Amino acid sequence: MSTRRRAFTGSPYESRFGFARALRVGNRIVVAGTGPVGDDGSTVPGDAAAQAERCLALILKAVTELGGGASDVVRTRMLLTDPADQDAVGAVHARFFGETRPVATMQGVAWLCRPDWKVEIEAEAVVE
């Protein structure tokens, strides 16, 4: 039987919607869709690149807390509200994962949890 371990970032949505930021079962870590939420619960200001930077920092914090690292990330999904932001968000993704090269999906969406969010990212990792 696998032990489940969870990580939380303090996002107001975690308790409000009843979920963990990340869950580790065995050697697999799954990270929920992560928006650009600051430590105070507000949206991180800036363009899509700045928001992607915050999303990925939160994701890696959770992965690290559960015993993994950037090199263990095997999949990411990037949700964008404006397709014009794809190059900027992709460049941030490359800074975080350029050597790891996880499989990745970038998708346009009509809206995210807050109207000022430009990007939300989720990830999966396998710790060997």
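Computed from a predicted model, the values in this text were never measured in an experiment.

> Account for the nonpolar core, with residues named and values stated.
Among the nonpolar cores identified, the biggest contains 26 residues, and Ile29 and Ile121 are the most heavily contacted of them. Among the secondary structure elements, those contributing two or more residues to this core are strand 3 (28-34), helix 2 (48-65), strand 4 (73-80), helix 3 (86-97) and strand 6 (119-126). Looking at this core element by element, the count peaks at 9 residues for helix 2. Ignoring anything within four residues of it in the chain, the contact list for Ile121 reads Ala32, Gly33, Thr34, Ala52, Cys55, Leu56, Ile59, Arg77 and Met78.

> Describe in detail helix 3, supporting the description with residues and values.
Across its 12 residues, helix 3 extends 16 Å between first and last C-alpha, which sits within 8% of the 16 Å expected from 1.5 Å per residue. All of the buried residues in helix 3 are Val89, Val92, His93, Phe96 and Phe97. Buried residues of helix 3 fall within an arc of 115° about the axis and therefore sit on the same side. The exposed residues of helix 3 that point more than 90 degrees off its buried face are Asp87 and Arg95. Elements in contact with the buried residues of helix 3: helix 2, strand 4, strand 5 (103-108) and strand 6.

> Which residues make up empty space enclosed by the protein, and what values do they have?
The method is simple in principle: a probe with the dimensions of a water molecule rolls over the atoms, and the space it marks as empty is what remains. In the structure shown here, the tally under the stated rule is 1 cavity of 30 Å³ or more. In this model, the largest cavity occupies a volume close to 50 Å³. If you go around the largest cavity, the residues you meet are Thr9, Gly10, Ser11, Val37, Gly38, Asp39, Gly41, Arg54 and Leu58. Taken together, the residues of the lining of the largest cavity break down into 2 nonpolar, 5 polar and 2 charged.

Rules of the game
Residues numbered from 1 in each chain as written. Predicted model: local features only at pLDDT ≥ 70, side-chain atom pairs only at ≥ 80, totals over all residues. Heavy atoms only, no water. Core = buried A, V, L, I, M, F, W, Y, C linked by side-chain atoms within 4.5 Å. Buried < 20%, exposed > 50% of the residue type's maximum accessible area, 1.4 Å probe, protein only. Helix = DSSP H or I, 4+ residues; strand = E, 2+ residues; numbered from the N terminus. Contact = heavy atoms within 4.5 Å. Expected span 1.5 Å × (residues − 1). Arc of directions from axis to C-beta. 1 Å grid on protein atoms, 1.4 Å probe; cavity = no way out; pocket = protein on both sides within 12 Å on 5 of 7 lines; lining within 4 Å. Points joined across faces, edges and corners; volume = space filled by probe spheres on them. Nonpolar A, V, L, I, M, F, W, Y, C, P; charged D, E, K, R; others polar.

Geometry only, nothing functional implied.
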